[in-house]
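# Topology and contacts: notes
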Amino acid sequence: MVSSRPKPVKEGPLYKSKQARHVVGKVVRHVKVHPRGICSNQQTAFTPEWYERRSAIKEALRCYRRLLSDKDYRESISKDHGMGLERGKPSGIGQHMRLAKLVRCLGKWVNTAKQIGCVAGIEVGDGFHWRGELCIVGLHSEFQKGIDCITSLNGSKIWATSIVDSGRYDSCTRKVSSDEFTYCGEGENPSFCGFKKLKDQKLVGGNRALMNNMIDRKPVRVIRRFDNIGNTNESGYKFVYEGLYQVNRCWKEIRMDSGKYVYKFNLVKLEDHLQYEPQWKVNNPSHDVVATVHRLCKLVDDPITLLAYMKALAFDATQSGYVVV
């Protein structure tokens, strides 16, 4: 029998989903500008610090994927950090938890502090191969749970920072439109309960956190799993960061297959200008414009993004000799 699973595609450590991918050229001097590249610019211009964070994320992903594919390198790093060698054939979530720990030992985790809102260095539409990659870049710190949470300083309240819609509740998660969907709460999943008697979901943990997001109007990051499409990993799926969503409504209803109550949440995507925190966007920079652009040329590998930054700075690329092909 021939497997229908797509073959993995070789690509950079941080790639855009098909819907969000742009043509990449090179930034050079004294070459004619490609007019289509300039006209198609719709990207946000970020600060140099944001691009430095993105560069660190790419390096962390390269390290993670090398550890995954190179056993000798993996064992060498494990030995150097006193973790011991692998026993048996590594597989599943345990392997990826180990890899993430090795990346942390190497000091390559990025965005390590939990936060509500966007994550510096991550754009809407960015794709990832594995759940462990979401952890090391700061998008979602839970390896298995679909709802990641943060607690207030006094411990009295909890909010959701991110959710991963992986299809585990495929009969409950429903996409209303491209920017709206219904998400099922956590707990009592009939697909993973085995012979355990199912109970009603409770308004605790991640379910309580999403409820608080709705009450306090706090956004939540949404990551969705896509199966059998281009640029997938060797298991035939990938995770795509969909952006910030607002929890608009919460209710509970009876599941038809189990007869038990589950919580459901209606989430709507925020408008484009609300997807990134103001501190990471270029508006009215007070520092030297030319020095900033020279610095960005070393950090940004996408000319369309670089042109967006120049436009936000009112920087005349033609007069300064910077052009794109």
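Rules behind the numbers
Residues numbered from 1 in each chain as written. Predicted model: local features only at pLDDT ≥ 70, side-chain atom pairs only at ≥ 80, totals over all residues. Heavy atoms only, no water. Axes fitted to C-alpha atoms, helices over the stretch in contact; angles between N-to-C directions. Helix = DSSP H or I, 4+ residues; strand = E, 2+ residues; numbered from the N terminus. Parallel < 35°, antiparallel > 145°, perpendicular 65-115°, else oblique. Left-handed = near helix turned anticlockwise from the far one by under 90°. Contact = heavy atoms within 4.5 Å. Expected span 1.5 Å × (residues − 1). Buried < 20%, exposed > 50% of the residue type's maximum accessible area, 1.4 Å probe, protein only. Core = buried A, V, L, I, M, F, W, Y, C linked by side-chain atoms within 4.5 Å. Pairing = 2+ DSSP bridges. Arc of directions from axis to C-beta.

Our focus in this paragraph is the packing of helix α3 (residues 71–80) against helix α4 (residues 92–105). When two helices pack together, their arrangement is given by the angle between their axes and by how far apart the axes lie. Relative to each other, α3 and α4 sit at 60°, their axes nearing to 11 Å. As judged from the angle between their axes, α3 and α4 are oblique. You can see that α3 and α4 cross each other, and the crossing is left-handed. Every residue of α4 that contacts α3 at R74, I77 and S78 is listed here: Q95, R98, L99 and L102.

Look at helix α6 (residues 205–216): 16 Å from first C-alpha to last across 12 residues, which is about the 16 Å you get at 1.5 Å a residue. Buried within α6 are the following residues: G206, N207, A209, L210, M211, N212, N213 and M214. Looking at the buried residues of α6, the elements they touch are β4 (147–151), β5 (158–165), β7 (180–184), β8 (220–227), β9 (237–254) and β10 (261–269). Note on α6: the residue one or two positions beyond its end, R217, has a positive phi of about 60°.

Of all hydrophobic cores here, the largest spans 31 residues; its most connected members are L67, I122, I136, V137 and L139. Secondary-structure elements contributing two or more residues to this core are α2 (48–69), α3, α4, α5 (131–136) and β9. Of all the elements, α2 adds the most residues to this core, at 6 residues. Residues within four places of I122 in sequence aside, it is in contact with W50, R54, I57, F128, V137, L139, Y241 and Y276. Counting 18 residues, the second-largest nonpolar core is a separate cluster that includes C149, I163, M214 and V222.

The residue V164 is located in strand β5 in this model. The class for V164 is buried, based on a relative accessible area of 2%. Residues V164 and H140, 24 residues apart in the sequence, show an inter-C-alpha distance of 7.8 Å. The contact partners of V164, leaving out residues within four places of it in the chain, are R131, L134, H140, G146, Y183, I223 and F239.

The element β5 is extensively covered by neighbouring structure, given that 7 of its 8 residues are classed as buried. Bridge count for β4 against β5 is 5 bridges, and the pairing is antiparallel. The residue of β5 that forms the bridge with C149 is A160. Hairpin remark: β4 followed by β5, antiparallel, with 6 residues in the connecting loop; positive phi at G155, about 75°. Here β5 pairs with β8 via 4 bridges, running parallel. The residue of β8 that forms the bridge with I163 is V222.

This paragraph deals with α3. Y73, R74, I77 and S78 are the residues of α3 that are buried. The buried residues of α3 occupy an angular sector of 135° when the element is viewed end-on, so they sit on one face. In α3, those exposed residues whose orientation departs by more than 90 degrees from the buried face are D72, K79 and D80. Looking at the buried positions of α3, the neighbouring elements they touch are α2 and α4.

Here we come to unusual backbone geometry. Trans is the prevailing form of peptide bonds, just as negative phi is the prevailing case for residues other than glycine. Despite not being glycine, N111 has its phi angle at roughly 55°, a positive value. Note on placement: N111 falls in the loop between α4 and β3 (126–128). Taking relative accessible area as the criterion, N111 reaches 13% and is therefore assigned buried. The phi angle at R217 is positive, at roughly 60°, despite the residue not being glycine. With respect to the helices, strands and loops of the structure, R217 is situated in the loop between α6 and β8.

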